[in-house]
Amino acid sequence: MSTGRYAPSPSGRMHLGNLMCCLLAWLSAKSKGGQVLLRIEDLDTQRCPRSYADAIVDDLAWLGLAADGPMPPVYQSDRSEIYQRYFDELSRRGLVYPCFCSRSQLHAASAPHRSDGQVIYAGTCRGLTPAEIAERSKTRAPAWRVQVPDEVIAFEDGHMGHYEENLARDCGDFFLRRADGVFAYQLAVVVDDALMGVDEVVRGSDLLSSTPRQLWLYRELGLTPPKFYHLPLLLASDGRRLSKRDGDQSLENLREKYTPEEIIGKLAFACGLQASPAPTTPQALARTFDWSQVPKSDIVLPENLF
Ligand code: GLU
């Protein structure tokens, strides 16, 4: 059976971009007779209060997209001990090292950048001796990085096709844990998807470039990777990226104006799943769903659709 998942970070109410992702994760799994699990990605508990997580659960049920599996769902904030085990495993293998670099050191103008704007870490702290580590630990708690190989990690995305990165050149050693002890998304997402038995991941193409890192972690940890489907971004009608600050596109406001069937119908139209914005249900869409219906380039919401 296909097992997909929703993995929202509840730092606000859902907006249409988040909903598009949930709808397609649901359709992809259900059209194959599968299930969708829910995991709340609240590693950063300051930014992700339970009230927003509860609102997401309620919004999904209201839209007819309730997750399968246990309720309450999996909360990443409860799983530090699990992440620690996998962190220790990488550490035992000599792949993890403490990084004492400050924010300003990391973001120095001379630092090389990835195409997505993130800094490629120069490896400054990679070769520290035990004495240097002990000395620096007196004044600063380190973050922890994993040492990546000079190797191309390639994969075939179920929607976007071939994608590859050389981890050392294009990405650099990345964080596994922050200085305050919070585990990094890259580690948690791999461990959780593997332990939850997820075999298909549907998510925004802003995470396409994280996938080689994650595939490498799957390999190093001896875990089985899922199939990935990355979605085009959903943009506001003026071409801006939707964000949680776009109040008018948040579920809070949309629920006041429309029925669930109206929202699903309009969104399905914008995503190429049906020819008109007529009200519909996820079940009806699942009967004809095919990935070839979904555009590969960014989707601009037609003006006055919502
Ligand atoms: N929690 C992430 C987000 O809401 C999604 C992570 C993933 O799908 O791998 O953007």
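The rules we used
- Residues numbered from 1 in each chain as written.
- Predicted model: local features only at pLDDT ≥ 70, side-chain atom pairs only at ≥ 80, totals over all residues.
- Heavy atoms only, no water.
- UniProt positions renumbered as here; feature names shortened; annotations may be inferred.
- Core = buried A, V, L, I, M, F, W, Y, C linked by side-chain atoms within 4.5 Å.
- Buried < 20%, exposed > 50% of the residue type's maximum accessible area, 1.4 Å probe, protein only.
- Helix = DSSP H or I, 4+ residues; strand = E, 2+ residues; numbered from the N terminus.
- Contact = heavy atoms within 4.5 Å.
- Expected span 1.5 Å × (residues − 1).
- Arc of directions from axis to C-beta.
- Axes fitted to C-alpha atoms, helices over the stretch in contact; angles between N-to-C directions.
- Parallel < 35°, antiparallel > 145°, perpendicular 65-115°, else oblique.
- Nonpolar A, V, L, I, M, F, W, Y, C, P; charged D, E, K, R; others polar.
- Polar contact = N/O pair within 3.5 Å; in protein donor to acceptor, adjacent residues only side chain to side chain.

- Looking at an unreviewed UniProt entry, one finds the protein chain named Glutamyl-Q tRNA(Asp) synthetase and attributed to Gemmiger formicilis.
- In its Function (unreviewed entry) section, UniProt records this for the protein chain: "Catalyzes the tRNA-independent activation of glutamate in presence of ATP and the subsequent transfer of glutamate onto a tRNA(Asp). Glutamate is transferred on the 2-amino-5-(4,5-dihydroxy-2-cyclopenten-1-yl) moiety of the queuosine in the wobble position of the QUC anticodon."

**Comments concerning the nonpolar core**
Then, in step 1: Core analysis: the biggest nonpolar cluster contains 48 residues, and Tyr-6, Leu-24 and Leu-273 have the highest contact counts within it.
Then, in step 2: At the level of elements, α1 (16-30), β2 (35-40), α2 (50-62), β10 (227-231), α9 (251-257), α10 (260-270) and α11 (282-288) are the ones that each hand at least two residues to this core.
Then, in step 3: Considering each element in turn, this core owes the most residues, eleven residues, to α1.
Then, in step 4: When sequence neighbours within four positions are dropped, the list of residues in contact with Leu-24 reads Val-202, Leu-231, Leu-273, Phe-289, Trp-291 and Val-294.
Then, in step 5: Phe-174, Leu-215, Trp-216 and Tyr-218 belong to the second-largest nonpolar core, a separate cluster that totals 36 residues.

**Considerations on helix α3 (residues 80-92)**
Then, in step 1: For α3, built from 13 residues, the straight-helix expectation of 18 Å at 1.5 Å per residue is met to within 8% by its first-to-last C-alpha distance of 18 Å.
Then, in step 2: Among the residues of α3, Ile-82, Tyr-83, Tyr-86, Phe-87 and Leu-90 are the ones counted as buried. Projected down its long axis, α3 shows its buried positions confined to an angular sector of 135°, all on one face. α3 presents Glu-81, Arg-85 and Arg-92 as exposed residues on the side facing more than 90 degrees away from its buried surface.
Then, in step 3: Considering only its buried residues, α3 is in contact with β4 (96-99), β5 (143-146), β8 (174-177), α7 (185-195) and α8 (211-220).
Then, in step 4: Just beyond α3, the residue with positive phi is Gly-94, at close to 75°.

**A closer look at the packing of α1 against α10**
Then, in step 1: At a minimum axis distance of 11 Å, the contact between α1 and α10 shows a crossing angle of 85°. In terms of axis orientation, α1 runs roughly perpendicular to α10. On α10, the residues touching Leu-16, Leu-19, Met-20 and Leu-23 of α1 are Ile-263, Ile-264 and Leu-267.
Then, in step 2: Split by residue class, the contact of α1 with α10 holds seven nonpolar, no polar and no charged.

**As for the environment of Ala-55**
Then, in step 1: With respect to the helices and strands, the residue Ala-55 is situated in helix α2.
Then, in step 2: Distance from Ala-55 to Leu-273, taken between C-alpha atoms, is 26 Å for residues 218 residues apart in sequence.

**Looking at the UniProt feature "binding site: L-glutamate" (unreviewed entry) in the protein chain**
Then, in step 1: Feature annotation in UniProt places "binding site: L-glutamate" (unreviewed entry) on Arg-5, Tyr-6, Ala-7, Pro-8, Ser-9, Glu-41, Tyr-185 and Arg-203, given in this structure's numbering.
Then, in step 2: Given the relative accessible area of 4%, Arg-5 is considered buried.
Then, in step 3: Arg-5 has contacts with Ala-25, Val-36, Leu-37, Arg-39, Val-189, Asp-193, Val-198, Glu-200, Val-201, Val-202 and Arg-203, leaving out every residue within four places of it along the chain.
Then, in step 4: Within the local environment of Arg-5, its side chain forms a polar contact with the side chain of Asp-193, the two groups lying 2.9 Å apart.
Then, in step 5: In this fold, Ser-9 is placed in the loop between β1 (3-6) and α1.

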